[in-house]
Amino acid sequence: MGKKSVKENKNIYQITRESLGLTREQASELMSYISADKIEKIENERAYAHPDEVMTMASCYKNPHLCNYYCSNECPIGQRYIPEIEVQTLSRIILSTIDSLNHLNEQKNRLIEITADGEITKDEYADFKRIDEQLTQMSSAINGLKLWIEKSIADGDISEEYLSLED
């Protein structure tokens, strides 16, 4: 059996594995093609995790947030385009989504005014920027809900089968 780490600055991959009570060897067995040595190198930041390895860890550790973390913090493209999603409770996600919808509903007519002529003039930039920020907040809330659903499926709290049922 592996020994318990006393390292202070653990990365998200090590924290997640240890929260499940798994040794690197046990995690390696679950993931089949990622060796315990490779896990150790990723956790000690002597090697970068590849996207397929992160997806495998996320699946085996039942933590889909690892994929968002990787994309928003380690992938050069994702760092530019993918915001990190804060893991929240369902009620907080829904309230945030409704709040974003309310703000956007208030700004809907202004957005139409700004974009109807196909250009954004200098006097419209401030309003357009504010609306863009609200759209980004809405996108984040939606992505947070998707992540919550994936985590609930991974934890067995929601059946993926139920989500795919037709009316």
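What counts and how
Residue numbers here run from 1 along each chain, matching the order of that chain's written sequence. The predicted origin of the model limits local features to residues at a pLDDT of at least 70 and limits the giving and counting of side-chain atom pairs to 80 or more, whereas totals for whole chains, interfaces and linings rest on all residues. The basis for every side-chain value is the complete set of heavy atoms in the structure, and neither hydrogens nor water enter the calculation. Classification of ring pairs rests on two measures: the distance between centres of Phe, Tyr or Trp rings, Trp counted by its six-membered ring, which must be within 6.5 Å, and the angle between planes, read as stacked under 30 degrees, edge-to-face over 60 and tilted in between. Secondary structure elements are defined from DSSP: runs of H or I of at least 4 residues count as helices, runs of E of at least 2 residues count as strands, and each element is numbered from the N terminus. As used in this structure description, the phrase polar contact means that two N or O atoms lie within 3.5 Å; if the pair is within protein, one of them must be able to donate a hydrogen and the other to accept it, and residues adjacent in sequence are counted only when both atoms belong to side chains. Axis definition: a line fitted to C-alpha atoms, over the contacting stretch in the case of helices. Angles run 0 to 180 degrees between N-to-C directions. With respect to orientation, any angle under 35 degrees is reported as roughly parallel, any angle over 145 as roughly antiparallel, any angle of 65 to 115 as roughly perpendicular, and every other angle as oblique. Working rule for contacts: check all heavy atoms of both residues, and any pair within 4.5 Å makes them a contact. Each residue is assigned to one class: nonpolar for Ala, Val, Leu, Ile, Met, Phe, Trp, Tyr, Cys and Pro, charged for Asp, Glu, Lys and Arg, and polar for all the others, Gly among them. Burial classification: accessible surface area is computed with a 1.4 Å probe over protein chains only, and a residue below 20% of its type maximum counts as buried, one above 50% as exposed, and the rest as partly exposed. When a carboxyl oxygen of Asp or Glu lies within 4 Å of a side-chain nitrogen of Lys or Arg, that pair is called a salt bridge.

A. The packing of aromatic side chains, seen in detail. Under the counting rule described, the total for this entry stands at one aromatic pair. Measuring from ring centre to ring centre gives 6.2 Å for Y13 and Y69, while their planes differ by 85 degrees; the resulting arrangement is edge-to-face. Of the two residues, Y13 is situated in helix α1 (residues 12-19) and Y69 in helix α5 (residues 65-73); the sequence distance between them amounts to 56 residues.

B. Structural context of the side chain of S72. Mapped onto the elements, S72 comes out in helix α5. A polar contact of 2.8 Å, which involves the side chain of S72, links it to the backbone oxygen of N68.

C. Geometry of the packing of α1 against helix α3 (residues 36-43). The geometry of α1 relative to α3 is characterised by a closest axis approach of 8 Å and an angle of 125 degrees between their N-to-C directions. For the element pair α1 / α3, the angle class is oblique. In contact with Y13, Q14 and R17 of α1, α3 contributes I39, I42 and E43. Partitioning the contact of α1 with α3 into residue classes produces three nonpolar, one polar and two charged.

D. Molecular detail of α3. Along α3, six of the eight residues are buried, which leaves the element largely enclosed by surrounding structure. Along α3, the residues classified as buried are A36, K38, I39, E40, I42 and E43. Buried residues belonging to α3 abut α1, α2 (24-31) and α4 (51-60). Once α3 finishes, E45 follows within two positions and takes phi at roughly 55 degrees, a positive value.

E. Looking closely at the pattern of salt bridges. According to the stated counting rule, one finds 13 salt bridges in the structure shown. Salt-bridge contacts for D155 lead to K151; the nearest nitrogen and oxygen are separated by 3.1 Å. Judged by its relative accessible area of 39%, D155 falls in the partly exposed class. According to the relative accessible area criterion, K151 is partly exposed, its value standing at 32%.

All quantities given are derived from atomic positions and should not be read as evidence of function.
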